[in-house]
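# Tertiary structure, described
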Amino acid sequence: MSMTCTTCPYCGVGCGVLASADGTIKGDPDHPSNFGRLCSKGSALGETITLEGRLLAPMVNKQRASWEEATALVAEKFSAAIKEHGPDSVAFYVSGQLLTEDYYVANKLMKGFIGSANIDTNSRLCMASSVAGHKRAFGTDTVPGTYEDFEEADLVVLVGSNLAWCHPILFQRLVAAKQARPDMRVVNIDPRVTATSDLADLHLAINADSDTALFNHLLAEIASRGAVDDDYVAKNVNGFADALAAAQDSDVSSTGLSAAEIEDFTKLWINTERVVTIYSQGVNQSAVGTDKVNAILNCHLATGRIGRAGMGPFSVTGQPNAMGGREVGGLANMLANHLDLENPDHRDTVQTAWNAPVIADHAGLKAVDLFQACADGKIKALWVMSTNPAVSMPDAANVAQAIENVPFTVVSDILKDTDTGALADVLLPAAGWGEKSGTVTNSERRISRQRAFLPLPGETRPDWQIICDVAQKMGFGEAFEFTSPAEVFAEYAALSEATAKFGKDFDISGLAGLDEADYDALKPTQWPIRANGSTTERFFADGGFFHADSKAKMLPVKPPKHAENGETFRLNTGRIRDQWHTMTRTARAPRLNQHLAEPFAEINPTDALRLGIKDATLLRISGEHGSAVVRAMITSKVQAGTIFVPMHWTAQFAASGRVNHAVAPVTDPVSGQPALKGADVTVAPFEAA
Ligand code: SF4
């Protein structure tokens, strides 16, 4: 059986996979992300390929319909809403599961032809604070380094990242590097002890959301101990004095760490030149996420430890194509190719390249605001693509009601029975992993091909094709006459050629003119890929930032006040090792379900004793808007006053365990990212009604 070279559809590591139609799965030894390795989820991909539960034909009002009927109805309803209520009365909510080509046409339709920027994505829940922090500091959304930096660093600092479970192959690379170089040091900054902590020489069980206080303290010590790279700062950085003043004004005691722990960390960081700081959802999913990101970036900018081998800040993304979505402008506050909605030259160039009748000129609704607008009756037509917000959004029960409140809702998905699909007027059957082709970009800016190795089942279609069909029926014919993902990618690369004049970081103009054969043969490759063939492996070693004066900005950031509250618990939600998001695929693999079979709450022994909760009994977690019932797992891995609950379970698998029902829709004011790790809840033994 021949094997097809493709990419894993789960996390942002972006591992290369060899797959065949009989379900055989192997790691691709030639892919530079994983060199043949696969984690438990990736290696079980073959077991998740099944037609059970698949949506195989379009449905209108729960009745089978033809594609012609269904897409004509979608086009008619969206067109009518726009005509009657204006372009901002419609919205798309899309997904980091979409391929770049799907994202590209969805964004083109919404921003260039409908004329609204109401397209946001579940990646808003994953890395929006990193994007905003990058833009504030660097002038654009640039990840400066590469995965090799993890292996070449002498000190790796993991902040709010359970890399061992959430990005397992990167963790395996780190373990191997540490075994090969025993002098390498690893620091794990996380309120909770996780599998990642096992690798750490130093685990700092920091109070939640006190990362800014810790990194501000580090910046102040960098300055007082003479470790600032004065030359680098003078040439390449603005805002040093203000950032330092804010840092000196911070109180590190809010971290809850001992003076000895803080000093160990400070000395290690300052005395090690090759330092990489890796951060993830523990930093991003917070009401102060963007400030936390900038507190980390400040330390790297002050020391010039950025863009050189083994040095730099590094945001690891959750979704397989969170990065690709950012590139094509799949966020409500971005244009394509890292260009700015607010910039008239940027808008004109994109509009001209698309030959579009309009172009959105103001930011659209970010995820939480988008569903609030649904609840408020402002959205008249909504299209949810490849995601399940009725489970995954904070305040999920109210999000479900908000979707129900929209006069016309379309859901395109691979499954017929999702919590969100149950609310749809029209269900459109999408092709799944292994059935469609395109590209994804991983956390280190590497574009890889996903290739089909299975026939399209039933009447399913790739997302790009579904979107183009609706766009054509809305009267935008020529601009959406693509016949293959290669054609979409070619236009995207040509757009990059047109926008290269702005000198932004994102540039794939070197791929313009790719034909079908070139596209099919495309090897994993990191952007930028410029028209003259040049690239940049790492950014910013010699400055060259993307603000107008080519300098970076250090931001004065203040830590939030640490509030002790004896009444409520701080709820931390997250992933477990063997499930992916709302389990629509991973739950189909028996061996993945064996790891942790049901929803649970890690609770500290002192809290359990105080509340009379026994191990493995049920407890109720209640927020302002809803509650979840899960099994207690008593462990000192979580601090007193906090609990950890995985986010995966849906109505299909454990209705009572939908933890996002208890999470309030609080967001970071800069990035709009929800604080999925920072809800105030009460906890009590469960008593059946
Ligand atoms: Fe897939 Fe991520 Fe595992 Fe790699 S590390 S195999 S991309 S889930």
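Cut-offs applied
- Residues numbered from 1 in each chain as written.
- Predicted model: local features only at pLDDT ≥ 70, side-chain atom pairs only at ≥ 80, totals over all residues.
- Pairing = 2+ DSSP bridges.
- Helix = DSSP H or I, 4+ residues; strand = E, 2+ residues; numbered from the N terminus.
- Axes fitted to C-alpha atoms, helices over the stretch in contact; angles between N-to-C directions.
- Contact = placed C-beta atoms within 7 Å.
- Buried ≥ 20, exposed ≤ 12 C-beta atoms within 10 Å, placed from the backbone.
- Near = placed C-beta within 6 Å.
- Nonpolar A, V, L, I, M, F, W, Y, C, P; charged D, E, K, R; others polar.
- Domains from an automatic or database assignment.

A few words now on the sheet that holds strand E13 (residues 312–315). With parallel pairing, the five strands of this open sheet are ordered in space as E10-E9-E8-E12-E13. Each edge of the sheet is formed by a strand with only one pairing partner; in this case those strands are strand E10 (202–204) and E13. Between one strand axis and the next, the sheet turns through 15° on average, direction left out of account. Running at roughly 155° to E13, helix H13 (residues 289–303) makes contact with strand E8 (155–159), strand E12 (275–279) and E13 of the sheet.

Moving on: helix H19 (residues 463–473). Within H19, nine of the eleven residues are buried, which leaves the element mostly enclosed by the surrounding structure. Of the residues making up H19, those classed as buried are Asp463, Trp464, Gln465, Ile466, Ile467, Cys468, Asp469, Val470 and Ala471. Once H19 finishes, Gly475 follows within two positions and takes phi at roughly 100°, a positive value.

Around the ligand sit 14 residues, and of these Cys8, Cys11, Cys15, Cys39 and Gly42 come closest. When contributions to the shell around the ligand are tallied by element, the ones reaching two or more residues are helix H1 (40–43) and helix H7 (168–180). Of the residues in the shell around the ligand, the class split is nine nonpolar, four polar and one charged. When residues of the shell around the ligand are assigned to domains, at least three map to each of domain 1 (4–48) and domain 3 (128–315).

We note that the domain assignment places domain 1 (4–48), domain 2 (59–126 + 320–526), domain 3 (128–315) and domain 4 (569–685) within the protein chain. Put simply, the middle of domain 2 and the middle of domain 4, counted by C-alpha atoms, are 31 Å apart. Domain 2 puts 18 residues into the contact, and the matching count from domain 4 is 19 residues. Those elements that provide at least two residues to the side of domain 2 that touches domain 4 are helix H16 (367–375), helix H17 (389–392) and helix H18 (396–405). At three residues, the largest contribution of residues to the side of domain 2 that touches domain 4 is made by H18.

Let us look at the sheet that holds strand E2 (residues 16–19). Strand order in the open sheet formed by three strands is E1-E2-E3, with antiparallel pairing between adjacent strands. The sheet is open, and its two borders are formed by strand E1 (4–7) and strand E3 (25–27), each paired with just one other strand. Here the average twist between neighbouring strands, direction ignored, is 35°.

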